[in-house]
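# Analysis of the macromolecular model
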Amino acid sequence: MITLSAIKFLKISTKTRSFYTSLTTNFIDLLQLSIESQSLKHAQQVHTKILQLGLDQNSVIATKLVSAYFACQNPVDSHLCFDNFEHNSEYLWNILINGYAKNKLFGQSIKLFNEMCKTEVTPDEFTFSGIVKILGELGDVVSGKIVHGRCMRNGIVLDTIVANSFMAMYSKCGIFQDSLKVFDEMPYRNISSFNVVIAGYMGVKERILDDKLWDFVKDMLFEGWKFDAFTVSTLLSLCGEVKNNWQYGKELHCYIVKSGLESDFIVCSDAHLGCCLIDMYSKSFRVELGRRVFDRLKHRNVFAWTAMINGYVLNGDFDEALILFKDMQVEGVEPNKVSLISILPACCSFDRLKGGKQIHAFSTRRVLNHEVSLCNALIDMYSKSGSLSCARRVFEHDCVTKDAISWSSMISAYSLHGNGRVAITLYEKMLQHGIKPDRISVVGVLSACARSGLVDEGIRIYDLAINDYDLEPTLEMCACIVDMLGKSGQFDRALNFIKTMPMGPGPSIWGALVNAAAIHGNSEVHNLAYRFLIQMEPENPSNYVSLSNSYASSQRWDVVAQVRTMMKDKGLKKFPGCSWISINTETHSFYVADKSHPCSLVIYEMLDQLILAMKRDDYGVGFEDTVKVYE
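Values in this document were obtained by computation on a predicted structure and should not be read as measured data.

### What about the overall build of the protein chain?
When you go through the protein chain residue by residue, the secondary structure sums to 35 helices and 2 strands. In the protein chain, which comprises 631 residues, the share counted as buried stands at 43%. Residue pairs at least 24 apart in sequence account for 56% of intrachain contacts in the protein chain once pairs closer than 6 positions are excluded.

### A few points about the confidence of the model for the protein chain
Mean pLDDT over the protein chain works out to 81, with 82% of the residues at or above the 70 mark. Note that pLDDT drops below 50 for residues 619-631; the model gives that stretch 12 contacts with residues more than four away or on any other chain.

### Observations regarding the nonpolar core
Ranked by internal contacts, the top residues of the largest apolar core, which has 169 residues, are Val147, Met410 and Leu513. Those residues in contact with Met410 that lie beyond four places of it in its chain are Ile379, Leu388, Ala391, Arg392, Phe395 and Leu426.

### Let's talk about the packing of aromatic side chains
Inspection of the entire model under this criterion finds 15 aromatic pairs. For the ring pair Phe183 and Phe194, a centre distance of 5.2 Å and an interplane angle of 75° mean the geometry is edge-to-face. Here the residue Phe183 occupies a position in helix 10 (residues 176-185), and Phe194 occupies one in helix 11 (residues 191-203), the gap between them amounting to 11 residues. Phe194 sits in the buried class, given a relative accessible area of 1%. A centroid spacing of 6.0 Å and a plane angle of 45° characterise the contact between Tyr201 and Phe216, whose relative ring orientation is tilted. With a gap of 15 residues between them, Tyr201 in helix 11 and Phe216 in helix 12 (residues 210-222) connect regions that are remote in the sequence. Just as Tyr201 is buried, Phe216 falls in that class too. Ring pairs connect the aromatic residues Phe176, Phe183, Phe194, Tyr201, Phe216 and Trp225, which therefore count as one cluster.

### What to know about helix 8 (residues 141-154)
With 14 residues, helix 8 extends 20 Å from end C-alpha to end C-alpha; this agrees with the ideal 20 Å at 1.5 Å per step. Of the residues making up helix 8, those classed as buried are Val141, Gly144, Val147, His148 and Cys151. Along helix 8, the residues classed as buried sweep out an arc of 115° about the axis, all on the same side. Exposed residues on helix 8 whose side chains face more than 90 degrees from its buried face are Val142, Ile146 and Arg153. Among the structural elements, helix 6 (106-118), helix 7 (125-138), helix 9 (160-172) and helix 10 are those in contact with the buried residues of helix 8. Immediately beyond the C-terminal end of helix 8, within one or two residues, lies Gly155, with a positive phi of roughly 80°.

### Description of the packing of helix 10 against helix 11
Packing of helix 10 against helix 11 leaves a shortest axis separation of 10 Å and a crossing angle of 160°. Between helix 10 and helix 11, the angle is such that the two are roughly antiparallel. Of the two elements, helix 10 crosses helix 11, and the hand of that crossing is left-handed. Within the contact between the two elements, helix 10 uses Phe176, Leu180 and Phe183 and helix 11 uses Ser193, Phe194, Val197, Gly200 and Tyr201.

### Concerning the UniProt feature "repeat: PPR" (unreviewed entry) in the protein chain
Those residues carrying the UniProt feature "repeat: PPR" (unreviewed entry) are residues 89-123, 159-193, 301-335 and 403-437 in this numbering. This span, residues 159-193, is 74% helix and 0% strand, and a straight line between its end C-alpha atoms measures 11 Å.

### A closer look at helix 11
Between its first and last C-alpha, helix 11 extends 19 Å over 13 residues, near the 18 Å set by a 1.5 Å rise per residue. Residues of helix 11 that are buried: Ser193, Phe194, Asn195, Val196, Val197, Ile198, Gly200, Tyr201 and Met202.

### Examining the pattern of salt bridges
By the definition in use, this model includes 12 salt bridges. Across the salt bridge formed by Arg300 and Glu331, the nearest N and O atoms sit 3.8 Å from each other. Taken together, the residues Arg300 in the loop between helix 17 (287-296) and helix 18 (302-314) and Glu331 in the loop between helix 19 (318-330) and helix 20 (337-343) connect sequence positions 31 residues apart. Of the residues examined, Arg300 reaches a relative accessible area of 25% and is grouped as partly exposed. Looking at Glu331, the relative accessible area reads 51%, which means it is exposed. Among the salt bridges present, the one from Lys487 reaches Asp483, with a minimum N-O distance of 3.3 Å. On the criterion of helical spacing, the pair formed by Lys487 and Asp483 is a turn pair, its members being 4 residues apart in helix 28 (residues 475-487). Since its relative accessible area comes to 33%, Lys487 is described here as partly exposed. With a relative accessible area of 16%, Asp483 lands in the buried category. Residues participating in the shared-partner salt-bridge network are Arg291, Asp295 and Glu320.

Calculation criteria
Residues numbered from 1 in each chain as written. Predicted model: local features only at pLDDT ≥ 70, side-chain atom pairs only at ≥ 80, totals over all residues. Heavy atoms only, no water. Helix = DSSP H or I, 4+ residues; strand = E, 2+ residues; numbered from the N terminus. Buried < 20%, exposed > 50% of the residue type's maximum accessible area, 1.4 Å probe, protein only. Contact = heavy atoms within 4.5 Å. pLDDT = per-residue confidence, 0-100. Core = buried A, V, L, I, M, F, W, Y, C linked by side-chain atoms within 4.5 Å. Phe/Tyr/Trp six-rings, centres within 6.5 Å; stacked < 30°, edge-to-face > 60°. Expected span 1.5 Å × (residues − 1). Arc of directions from axis to C-beta. Axes fitted to C-alpha atoms, helices over the stretch in contact; angles between N-to-C directions. Parallel < 35°, antiparallel > 145°, perpendicular 65-115°, else oblique. Left-handed = near helix turned anticlockwise from the far one by under 90°. UniProt positions renumbered as here; feature names shortened; annotations may be inferred. Salt bridge = Lys/Arg side-chain N within 4 Å of Asp/Glu carboxyl O.

Have a look at this one:
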């Protein structure tokens, strides 16, 4: 029989439980707010109140506390909350291990995993999945195989998520065959399993696996699996990198439209697939198709604009890139760092220097001018636009944190402007700062030596790079040495160097020798190098034209006729060189012996005046008079 006192007790208990549940919910909401705002102060205030009310042993609150401190980048307090909790479950262990991993403290994560294995708490599939991802980031394949063996003994490797993690780990560690083996042994797969394998194929540097990748993709479709956005975007990036695969890119575009994935980049604000398509078409030199995709986007974010701008730059359509960059700002889309880096190559000429300076000023107003990648792009832009002083100011003042690319860019800038001594000094200063030279920096300084005739210095730098810094010689490096020796007239030494090269001489090697022989009038070496060039590039009309001109200068008209006949038989035609200049935003183009320009008569009259002026003994007076005539 229930008494009156018992009924009162039940009512009080019910109210207490309701209050306790409500209080717990409030604290969880407050901790979630501190996670989203990443406010350490707010998290500490809530933690203090929890301790005062004695709620620190609540499992849900303890989990939120650990997560909150990790979100505020305070792993020490996260660990303290974990240690103070009396009943640590596998879920709380997983939160702690993954929390350290998210804060890039991988060593601590592995240490905690080892401690967990010694306790009564058994690691579950989420534990193993997390630790395998960490080992993949570290490239520790030995420990990965040990964990793999333990999972197999426990039967956990049969879990799809864990198996996907092992495949990703083996791919990141460069053992792609083991990744495929795990895939073949999986009893159950999901779309992520196929995506991991596709990403693994993409990570293999040798392109010999391209055909196997496409066979794998076809088999995936035959088995009834459908691509998701990640699958399509990954494959599209391959289609852009490998020119012969652009037809696959068209098929993927059709698949996107037919399967309804198109809505992901037409209706939604997320234009990721649209950017991938634009990038693929641009890299395949079909930028007009990329523009069609861009024009169909209903919600163009900064990434879509940047992708389209970069596409025009890749295809050399700098004017259209600059117009699009202006339209982007007119529509209210704020350019980011990547946007500025993408547009700067469009300003790498003297007539576009003003636009480059405006972009530099824009980056300064947005406090982006100290970003190292942007500084590197600015150095390159200024040097190619003829403003070495501006490039030097960016390197010395704006570029606070210099990486290897910063040094290489500035060395190449001095090389481009013929300041060989300064380039060597800067290269040696880079070595003093403890930055190991790479192929780009060595090519830059060797090119500077070649332009300035610093043969002994160039040979010394080459030998140090190969012997002391263990750099493998490249064709570009060897071409610089051949160019340097050839320009100094040391053709026997250049030919001996070619014989001792660790790789076969390519067109760049013989091209450098051709140019040097032309400078010194050495017809024997000149013709020898050209014969090799024609053998290596039989479809390049420039080689035939230059060889024909060489024989014509020696009045060997019979050989000239043979070369011209050979070009005709091969169907080769040399397009004339083109120069252009921009005046008042209008671009004027000129070809050899071109008379199509409306002002061609005035231009040729001015050229005749200049030629006469330069031939006069009193060059300064004559040139001044010519300028007055022009004015």
